[in-house]
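Here are the chains, one letter per residue:
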Amino acid sequence: MRFNHLDLNLLVALDVLLEEQNITRAAERLHMTQSATSGVLGRLRVYFEDELLAQVGRKMQPTPYARELAAPVRQILLTIQSSITAKPVFDPATSKRHFRLITSDYLISVLFARVIQKISLEAPHITFELLGPGDTSTELLMRGEADMMIVPERYLIEGHPSQLLFEEEHVCVVWDGNTQVGDSITLDQYIEMGHVSVIFGRNRQLSVEEWLMAQYGFTRRMEVVTHDFNTLPQLIVGTQRVATMLQRMARLYANYLPLRILQPPVKIPVMREFMLWHRTMDGDPMHRWLRAKISQIINELEQ
């Protein structure tokens, strides 16, 4: 299929080449030989009258024109995927759609495991891949490599639709044998105690710490840093440390571990959790159905 003398099949290859910036890796993803992939790059260079990928040392880097092409090429492919290849009607009972969702282990533990369980009763052949949040989460969504993100409000992307799922409070959690605090914790105690905290990726960390720093001008003494929410309460047991965590997770683990849940010494803003998806998926019937089911099931579970 050609448009203005361009073989539109080459756009798929161009998209992969610009992302990988490596002939070998691009060939693997395209299920082509390296020589065939090099040939495709050659045809693209002729059409666009640009080098597109230039050898710089041992690496290939996109030219300025290639950088300009990357976003519109990806947008074209997403539009084709969502509006042309998507089926106008579907049957949840027989659909074999595979969804890739970016969400935290916190949400999986407190709600989403049950959401998936309930969806499987109505759509038993739908499959899910749950990806943890990280430095490339936004890029995955923007490239259409993830169907949805379920994230706090601060990570919403302007120009892309979202929907509020629920709100959540923060609490402090200590080991039940902690001798430094009783049934409450003061601000001085909170500052002096060692903390266990979560950080995702190189550039992502919990907003609560940044908010406390900006609001009160102090920092917590981080004695243990972990990379998922589920290990927070486990790392508290048997220590004199404290963790600031989301209330649903704290209550869940208090059923299994010797923990004491305390109100924070300062008022911490409510965390608002949203579904976020690429605007090209807004009208996709199956995606729309999934969003509605997630919202419905969470509302039912919260009642």
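Here is what the cut-offs are and how they apply
Residues numbered from 1 in each chain as written. Predicted model: local features only at pLDDT ≥ 70, side-chain atom pairs only at ≥ 80, totals over all residues. Heavy atoms only, no water. UniProt positions renumbered as here; feature names shortened; annotations may be inferred. Phe/Tyr/Trp six-rings, centres within 6.5 Å; stacked < 30°, edge-to-face > 60°. Buried < 20%, exposed > 50% of the residue type's maximum accessible area, 1.4 Å probe, protein only. Helix = DSSP H or I, 4+ residues; strand = E, 2+ residues; numbered from the N terminus. Expected span 1.5 Å × (residues − 1). Arc of directions from axis to C-beta.

Looking up the protein chain in an unreviewed UniProt entry gives the name LysR family transcriptional regulator, with the organism given as Pseudomonas viciae. UniProt lists a comment for the protein chain under the heading Sequence similarities (unreviewed entry), and it reads "Belongs to the LysR transcriptional regulatory family."

A. The packing of aromatic side chains, seen in detail. Under the defined criterion, the tally for this structure stands at four aromatic pairs. Between Y47 and F48, the ring centres sit 5.1 Å apart and the planes meet at 85°, which makes this aromatic pair edge-to-face. When its relative accessible area of 34% is taken as the criterion, Y47 is described as partly exposed. Of the residues examined, F48 reaches a relative accessible area of 15% and is grouped as buried. Judged by centre distance (5.8 Å) and plane angle (65°), the rings of Y106 and F229 are edge-to-face.

B. Examining helix 3 (residues 34–48) more closely. The first and last C-alpha atoms of helix 3 sit 21 Å apart over 15 residues, in line with the 21 Å expected at 1.5 Å per residue. Every buried residue of helix 3 is accounted for by T37, V40, L41, L44 and F48. Angularly, the buried residues of helix 3 cover 100° about the axis, an arc narrow enough to put them on a single face. Among the exposed residues of helix 3, those oriented more than 90 degrees off its buried face are S35 and V46. Positive phi shows up at E49, right after helix 3, with a value of about 55°.

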